[in-house]
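Okay, here's what each chain looks like letter by letter:
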Amino acid sequence: MIGDNLQAVRARIAAAAARAGRDPADVRLLAVSKTHPATVVAEAFHAGQTAFGENYVQEALEKMDSLSALPIEWHLIGPLQSNKTRIVAERFGWVHTVDREKIALRLAQSRPASMPPLEVLVQVNVSGEASKSGVSPGEVNALARAVAAQPGLRLRGLMAIPEPTDDVVLQRTRFREVREMFDRLKADGLDVDTLSMGMTGDMEAAIAEGSTLVRIGTAIFGARGRSRAPAQAEH
Ligand SMILES: *Cc1c(COP(=O)(O)O)cnc(C)c1O
């Protein structure tokens, strides 16, 4: 069943890319497995999915431990507090939610020299919601430069979670704003290649505006229970 869902999501990505005149291979799929058990992650892995996103550090570590035999690429997509930077730098391949220089420096200092640099995305608060994480658009460039300057980190691009809306025009406006920030980083000479935007409800709009990585949970694993806090709550 998860294999069928993955296939359906890949078909949605391919169709959206085709409509935008883009190569579907330029849009990566990150399976968001928060709240779902390791057995389900293993099932998706065996159906061909290798990159997984988790929101809560402790929950992710438990799954990493039970799935350590599988070569999974783990992405942290939830808020990162400074007391978790060391373990995150030691265990994750990617972090999508860097929004302060202090966090970037701590991740860089803690990244083991034996590992490749940590792949980092700067999270931008594109909707300007007070409750949301992310730097304001005006701070993106400075933080991106600070990340790029750290030897233990590799700046890959930007991540955004616009306010949820069914209004496709508004979805596209927000995603376009993020893509324009991404284009400015490139124009400023930063070597970025990843634009993490789009979830189950808005992946088509995100792909139309240039997303290179969609973070999909519900369409792959089904609805999440109510026992967990919402995605952006501190945990
Ligand atoms: C939960 C979550 C997703 C996946 O959302 P779905 O709507 O279930 O696809 C993507 N990104 C972030 C940051 C999330 O917290």
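Scroll up a little and you will see the structure.
Before going into details, it helps to say that this report is about the structure given with it. (Residues numbered from 1 in each chain as written. Predicted model: local features only at pLDDT ≥ 70, side-chain atom pairs only at ≥ 80, totals over all residues. Heavy atoms only, no water.)

**A few points about the overall build of the chain**
- On a plain count of helices and strands, the chain comes out with 9 helices and 8 strands.
- Taking 2.2 N^0.38 as the reference for a compact globule, 235 residues should give roughly 18 Å; the C-alpha atoms of the chain span a radius of gyration of 17 Å, in line with that estimate.
- Taken along its principal axes, the extent of the C-alpha atoms in the chain is 45 × 40 × 30 Å.
- With 235 residues in all, the chain has 51% of them scored as buried. (Helix = DSSP H or I, 4+ residues; strand = E, 2+ residues; numbered from the N terminus. Rg over C-alpha atoms; globule rule 2.2 N^0.38 Å. Buried < 20%, exposed > 50% of the residue type's maximum accessible area, 1.4 Å probe, protein only.)

**Some thoughts on the side chain of E209**
- With respect to the helices and strands, the residue E209 is situated in the loop between helix 8 (203-208) and strand 8 (213-216).
- The residues touching E209, leaving out its near neighbours within four places in the chain, are R172, F175, R176, R179 and M197. (Contact = heavy atoms within 4.5 Å.)

**Side note on the site of the ligand**
- With respect to spatial proximity, 14 residues lie near the ligand, and among them K34, N55, T200, G217 and T218 are the closest.
- In the model, an oxygen atom of the ligand is placed 2.7 Å from a nitrogen or oxygen of the K34 side chain.
- Contacts to the ligand include T218, whose side-chain N or O atom sits 2.5 Å from an oxygen atom.
- When isolated, the ligand has an accessible area of 390 Å², and the protein chains bury 94% of it.
- Classifying every residue of the shell around the ligand gives 7 nonpolar, 4 polar and 3 charged. (Near = heavy atom within 4 Å. Polar contact = N/O pair within 3.5 Å; in protein donor to acceptor, adjacent residues only side chain to side chain. Areas by Shrake-Rupley, 256 points an atom, 1.4 Å probe, with all protein chains shown as cover. Nonpolar A, V, L, I, M, F, W, Y, C, P; charged D, E, K, R; others polar.)

**Quick notes on unusual backbone geometry**
- Even without glycine at this site, T35 takes up a positive phi of about 75 degrees.
- Structurally, the position occupied by T35 is in the loop between strand 1 (28-32) and helix 2 (38-46).
- Accessibility expressed as a relative area gives 27% for T35, which makes it partly exposed.

**Description of the nonpolar core**
- If you look at the biggest cluster of nonpolar residues, it comprises 66 residues, and the most contacted ones within it are F52, L107, V147, L158 and I220.
- Each residue touching V147, except ones within four places of it in the same chain, is listed here: V98, A104, V120, V122, L153 and L155.
- One finds L30, V32, A51 and L213 within the second-largest nonpolar core, a separate group that totals 5 residues. (Core = buried A, V, L, I, M, F, W, Y, C linked by side-chain atoms within 4.5 Å.)

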